Amino acid sequence: MKVISYNLRKHRAAGELAHLVERHGADVLCLQEVDTTDIPHEMSGLRLAESTQNNRLGLAVYYRENTYRAVGIRALALKKSLHDRVLKPAEERMLGVRLHDIDENVDLIVASFHAAPLTALNSLRRHQIRTALAELQQLGEGLPALMVGDYNYPVFKERLGQHVRDQGYELNLSDSRTYTRYRFFRGHYDFATSVGFEIDRVRTLPQGLSDHLPILVTARPVAGVRRTVEAETDVA
């Protein structure tokens, strides 16, 4: 499975998406800071599973239509920073989708995540990450889960990694930095956290119109962790 995560910087990089999907053969596309009123339902073989609804700029998840079927969705509002309370840039900061692999007849979970901005404390972002990872299991306890996105966590990543491992997940950074806008804040912002997946590689892709660089996660569910569909399909 190939998953691309991209913070579009207030939708500025939206015109790059079709090319990214086609060039890298993405199976899943997870977006942050996307204008949810201005995105197609289908794009280069991918179908829109869902986008957040309570803010114009939010999250979206696409999946390859001939490989997967969406059977569950969970959008989640997380603990708010002062920035969120005053400016209200985003209501829901996690969007998870349960996918059924048609050929393998197994289920897995993929999520797009966008943590509070740098004006918030790392402790608040850790709380958001912890809550998001726990809530993903509501889509299917024990299923392989992969959450990608903008974690806004450029320093003290070792502590974050331990925090994530304490929840049973693994944290993976890409092979080079993913944010370049401000000189003193450049670094790794876009991560992948997973359980039940073997992460082969997380690669930073070339920069486009966003201040974030997209990342490409190549992953596969670990044998013995995967599970077949057990519930009625609740997504058309």
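Before reading on, note that the structure itself is shown above.
Residues numbered from 1 in each chain as written. Predicted model: local features only at pLDDT ≥ 70, side-chain atom pairs only at ≥ 80, totals over all residues. Heavy atoms only, no water.

1. Quick look at helix α3 (residues 122-136)
Given a rise of 1.5 Å per residue, 15 residues ought to cover 21 Å, and the 21 Å separating the end C-alpha atoms of α3 matches this to within 8%. Those residues of α3 not exposed but buried are Asn122, Leu124, Arg125, Arg126, Gln128, Ile129, Ala132, Leu133 and Leu136. (Helix = DSSP H or I, 4+ residues; strand = E, 2+ residues; numbered from the N terminus. Expected span 1.5 Å × (residues − 1). Buried < 20%, exposed > 50% of the residue type's maximum accessible area, 1.4 Å probe, protein only.)

2. Remarks on helix α1 (residues 17-24)
Turning to α1, its buried residues number three or more, namely Leu17, Leu20, Val21 and His24. Take α1 and look down its axis: the buried residues cluster within an arc of 95 degrees, on one side only. Seen from the open side of α1, the exposed residues pointing more than 90 degrees away from its buried face are Glu22 and Arg23. (Arc of directions from axis to C-beta.)

3. Overview of the nonpolar core
In terms of nonpolar packing, the biggest core is built from 24 residues, with Met1, Val3, Val28, Leu99, Val110, Leu146 and Val217 touching the most fellow members. In this structure, Leu78, Met94, Leu171 and Phe191 belong to the second largest nonpolar core, which totals 22 residues. (Core = buried A, V, L, I, M, F, W, Y, C linked by side-chain atoms within 4.5 Å.)

4. Let's talk about the sheet that holds strand β10 (residues 170-172)
Taken together, 6 strands build an open sheet; the order of strands is β6-β7-β8-β9-β11-β10 and the sheet is mixed. Either end of the sheet is taken by a strand with one partner, and the two such strands are β6 (68-77) and β10. For this sheet, the mean inter-axis angle between neighbouring strands, taken without regard to orientation, is 20 degrees. Relative to strand β9 (residues 145-150), strand β8 (residues 106-114) is paired through 6 bridges, and the arrangement is parallel. By the bridge assignment, Val110 is partnered in β9 with Leu146. Relative to the sheet, helix α4 (residues 157-166) contacts β10 and β11 (190-195), its axis offset from that of β10 by approximately 145 degrees. (Pairing = 2+ DSSP bridges. Axes fitted to C-alpha atoms, helices over the stretch in contact; angles between N-to-C directions. Contact = heavy atoms within 4.5 Å.)

5. What about unusual backbone geometry?
Even without a glycine there, the phi angle at His11 is positive, about 75 degrees. Secondary-structure assignment places His11 in the loop between β1 (2-7) and α1. Here His11 falls in the buried class, since its relative accessible area comes to 13%. The phi torsion at Asn105 lies on the positive side, around 55 degrees, for a residue other than glycine. Along the chain, Asn105 falls in the loop between β7 (92-101) and β8.

6. Focus on the pairing of strand β2 (residues 28-35)
Within a regular strand, side chains alternate between the sheet's two faces. The buried fraction of β2 is high, at 7 of 8 residues. Sheet topology note: the β1/β2 ladder contains 5 bridges and is parallel. What sits directly across from Val3, in β2, is Val28. Once you follow β1 into α1 and on to β2, the crossover reads as right-handed. Here β2 runs beside strand β5 (residues 57-64); their pairing, made up of 7 bridges, is antiparallel. By the bridge assignment, Val34 is partnered in β5 with Gly58. (Right-handed = clockwise from strand over helix to strand, strands pointing away.)

7. Thoughts on the packing of aromatic side chains
Counting across every chain of the model gives 3 aromatic pairs. Both rings, one in Phe113 and one in Tyr151, keep their centres 4.9 Å apart while their planes meet at 55 degrees; by these two values the pair is tilted. Residue Phe113 is located in strand β8, and its partner Tyr151 is located in the loop between β9 and α4; the two are separated by 38 residues in the primary sequence. In terms of burial, Phe113 and Tyr151 fall into one category: buried. Taken together through their ring pairs, the aromatic side chains of Phe113, Tyr151 and Phe191 make up a single cluster. (Phe/Tyr/Trp six-rings, centres within 6.5 Å; stacked < 30°, edge-to-face > 60°.)

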